[in-house]
Amino acid sequence: MATVRFVAIGDSFTEGVGDELPDGRVRGWADLVAHGWADAVGEPIEYANFAIRGKLVQPIVEQQLEPALALKPTHLSFNGGGNDMLRPRTSVSRVVAAFELVLRRCDEEGVKLILLSGANPSGHLPLSRVIQRRGDLLSAAVSARFADRDDIVRAFNWPDRELSSAPYWSEDRLHMNPRGHHRVAARVLTALGHEPPVGWWSLPPLPNAAARGMAYYRDHVGPWVQRRLTGTSSGDGREPKFASWTTFEPGTA
């Protein structure tokens, strides 16, 4: 059994949407952390990822937490609330309560919690001021709630101004591109006490392929609104990409 057994739960941020591989699979910061962690300790680690795009914070906890803990991990990463912030009636206290439940269950199972806040896309989105305000409130509430828990590994990305700039975001302006995912992975590895590859903090800029004007609303905003009207989600019918342990060997990134 590997010394490190790392499981991730969450939404598209943790699934890795925006960091697509040539074969169409998504990678993302959590996969990168697993690779970087194996390299840092010089031995294989076991990794699982239950995150599914489009999930609100409550379904993340209800559907992913217990299956993740059933694997008996040493570390569990959690982020949620990004999709909640995009809804008109977001309850910050309800999102914080979900974080509290995850921490309580990790304490009960003897699992070290890796707590993340998502990156800040608000500057590129419609209703940017509303999303900025909600994100600021949520980030502050989570930080305050767990301020006395020095044993929690923290990787907070919302305050990172560079990460919030356009060159770190994909065409839909809502999900980070590979540059963004590498920067988050570098922050998580640093929080774990490991040195990430220096280049991960800011990879070379990618070509700007962002849709503009009406094309953006047609290709991205319109489908999102349609899903809200029909009560569907981009994650409907999707299964976790790593629902059981996958071994990541050193030097295989």
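Residues numbered from 1 in each chain as written. Predicted model: local features only at pLDDT ≥ 70, side-chain atom pairs only at ≥ 80, totals over all residues. Heavy atoms only, no water.

(A) Structural context of the environment of Leu103. Here Leu103 lies in helix α5 (residues 92-109). A C-alpha to C-alpha distance of 23 Å links Leu103 and Ala186, two positions 83 residues apart in sequence. Non-local contacts of Leu103, meaning those with residues more than four positions away in its chain, are made with Leu113, Phe146, Arg149 and Ile152. (Helix = DSSP H or I, 4+ residues; strand = E, 2+ residues; numbered from the N terminus. Contact = heavy atoms within 4.5 Å.)

(B) Helix α6 (residues 128-145), seen in detail. With 18 residues, α6 should reach 26 Å at 1.5 Å per residue; the first-to-last C-alpha distance of 26 Å fits that figure. Its buried side turned inward, α6 meets α4 (82-85), α5, β4 (112-117) and β5 (153-156). (Expected span 1.5 Å × (residues − 1).)

(C) Looking closely at unusual backbone geometry. Here the phi dihedral of Lys72 falls at roughly 60 degrees; this positive angle occurs in a residue that is not glycine. Mapped onto the secondary structure, Lys72 falls in the loop between α3 (57-70) and β3 (75-78). For Arg173, which is not glycine, the phi dihedral falls at a positive 65 degrees. Note that Arg173 resides in the loop between β5 and α7 (178-191). For Arg173, a relative accessible area of 22% translates into the label partly exposed. (Buried < 20%, exposed > 50% of the residue type's maximum accessible area, 1.4 Å probe, protein only.)

(D) Representation of the side chain of Arg187 in the model. Following the sequence through the fold, Arg187 ends up in helix α7. A distance of 2.7 Å separates the side chain of Arg187 from the side chain of Asp160, its partner in a polar contact. Once residues within four sequence positions are removed from consideration, Arg187 is found in contact with Ala155, Phe156, Asn157, Asp160, Leu163 and Trp201. (Polar contact = N/O pair within 3.5 Å; in protein donor to acceptor, adjacent residues only side chain to side chain.)

(E) Geometry of the packing of α5 against α6. At a minimum axis distance of 10 Å, the contact between α5 and α6 shows a crossing angle of 40 degrees. The angle between α5 and α6 falls in the class oblique. At the point where α5 passes α6, the crossing takes the right-handed sense. Residue-level contacts link Val92, Val95, Val96, Phe99 and Glu100 of α5 to Leu137, Leu138, Ala141, Val142 and Arg145 of α6. In terms of residue class, the contact of α5 with α6 is built from 8 nonpolar, no polar and 2 charged. (Axes fitted to C-alpha atoms, helices over the stretch in contact; angles between N-to-C directions. Parallel < 35°, antiparallel > 145°, perpendicular 65-115°, else oblique. Left-handed = near helix turned anticlockwise from the far one by under 90°. Nonpolar A, V, L, I, M, F, W, Y, C, P; charged D, E, K, R; others polar.)

(F) Region of the structure containing the pattern of salt bridges. Scanning the entire structure with this criterion turns up 16 salt bridges. The closest approach of N and O atoms between Arg104 and Glu108, which form a salt bridge, is 2.9 Å. Taken together, the residues span about one helical turn, with Arg104 and Glu108 both in helix α5 at a distance of 4 residues. Taken together, the salt bridges that share partners define one network made up of Glu66, Lys72, Arg104, Arg105, Glu108 and Glu109. (Salt bridge = Lys/Arg side-chain N within 4 Å of Asp/Glu carboxyl O.)

(G) Inspection of the packing of aromatic side chains at higher detail. Counting across every chain of the model gives 7 aromatic pairs. Plain terms: the ring middles of Phe13 and Trp29 are 5.7 Å apart, the flat faces sit at 40 degrees to each other, and that makes the pair tilted. Pair noted here: Phe13 is in helix α1 (residues 12-15) and Trp29 is in helix α2 (residues 29-41), with a separation of 16 residues, a long-range link. The class for Phe13 is buried, based on a relative accessible area of 11%. Three or more aromatic residues link up through ring pairs in this structure, and these residues are Phe6, Trp37, Tyr47, Phe242 and Phe248. Between Arg179 and the ring centre of Tyr168, over which it is positioned, the NZ or CZ distance is 4.3 Å. (Phe/Tyr/Trp six-rings, centres within 6.5 Å; stacked < 30°, edge-to-face > 60°. Lys NZ or Arg CZ within 6 Å of the ring centre and 35° of its normal.)

(H) Highlighting the pairing of β4. Of all 6 residues that make up β4, 5 are buried, and the element is covered over most of its length. By the bridge criterion, 4 bridges tie β4 to β5 in an arrangement that is parallel. Paired with Leu116 across the bridge in β5 is Ala155. Taking the sense of rotation as the criterion, the β-α-β connection linking β4, α6 and β5 turns out right-handed. (Pairing = 2+ DSSP bridges. Right-handed = clockwise from strand over helix to strand, strands pointing away.)

(I) Structural context of α5. For α5, built from 18 residues, the straight-helix expectation of 26 Å at 1.5 Å per residue is met to within 8% by its first-to-last C-alpha distance of 26 Å. By the burial criterion, the buried members of α5 are Val95, Val96, Ala98, Phe99, Val102, Leu103, Arg105 and Cys106. Those residues of α5 hidden inside the fold are in contact with α3, β3, α4, β4 and α6. One or two steps after α5, the chain reaches Gly110, where phi turns positive at roughly 70 degrees.

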